Amino acid sequence: RGTDRHEDPVLDGKDTCVYWYGDASMDGRQALIRMDTHSDPSAVATYVNRFLPLVFADDDRFQRMARLSKKKPFKMACGNQFCVSLLHISPAV
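In short, a report on the structure. (Residues numbered from 1 in each chain as written. Predicted model: local features only at pLDDT ≥ 70, side-chain atom pairs only at ≥ 80, totals over all residues. Heavy atoms only, no water.)

## Some thoughts on the side chain of Gln30
Phase 1 of the analysis: By secondary structure assignment, the location of Gln30 is in the segment before strand 1 (32-35).
Phase 2 of the analysis: Residue class for Gln30 comes out buried when judged on its relative accessible area of 12%.
Phase 3 of the analysis: Within the structure, the side chain of Gln30 is placed 2.8 Å from the side chain of Gln81, a separation counted as a polar contact.
Phase 4 of the analysis: Not counting residues within four places of it along the chain, the set of residues in contact with Gln30 comprises Asp23, Ala24, Ser25, Tyr47, Pro73, Gln81 and Phe82. (Helix = DSSP H or I, 4+ residues; strand = E, 2+ residues; numbered from the N terminus. Buried < 20%, exposed > 50% of the residue type's maximum accessible area, 1.4 Å probe, protein only. Polar contact = N/O pair within 3.5 Å; in protein donor to acceptor, adjacent residues only side chain to side chain. Contact = heavy atoms within 4.5 Å.)

Shown next, in the form of structure tokens:
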């Protein structure tokens with residue numbers, strides 16, 4: 001859900017973007033993912049390009065990204081903020 005079923009944001013995307021078709025931020029400029037938690041019945045929203053490194057990045061890349069602001073989305077190296085390719089996430093915010 002959120003991407004084309006034939007694309008993989010973790011394994012694909014070195015030369016092409018993996019486009020997000022899911023939720024967007026209020027201003028319509030960022031890809032969002034909403035998650036329900038057991039402790040809070042309301043959905044929690046986060047930027048997709050912040051969630052993916054949390055789950056899939058190697059330890060070194062995760063540690064570098066964890067030091068950056070947690071309130072802003074990462075910039076995408078490809079310039080498309082609806083691209084969710086792990087390989088396109090830039091450590092800039």
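Once the structure has been displayed, the description carries forward.
## Observations concerning the environment of Val10
Phase 1 of the analysis: Turning to its location among the elements, Val10 is positioned in the segment before strand 1.
Phase 2 of the analysis: Leave out the neighbours within four places in its chain, and Val10 touches Phe56 and Leu86.

## Here's the deal with the nonpolar core
Phase 1 of the analysis: Ranked by size, the top nonpolar core spans 13 residues in total, and within it Trp20, Ala31, Val48, Leu52, Val84 and Ile89 carry the most contacts.
Phase 2 of the analysis: Excluding its chain neighbours within four sequence positions, the residues that come into contact with Trp20 are Arg1, Gly2, Thr3, Ala31, Leu32, Ile33, Val48, Phe82 and Val84. (Core = buried A, V, L, I, M, F, W, Y, C linked by side-chain atoms within 4.5 Å.)

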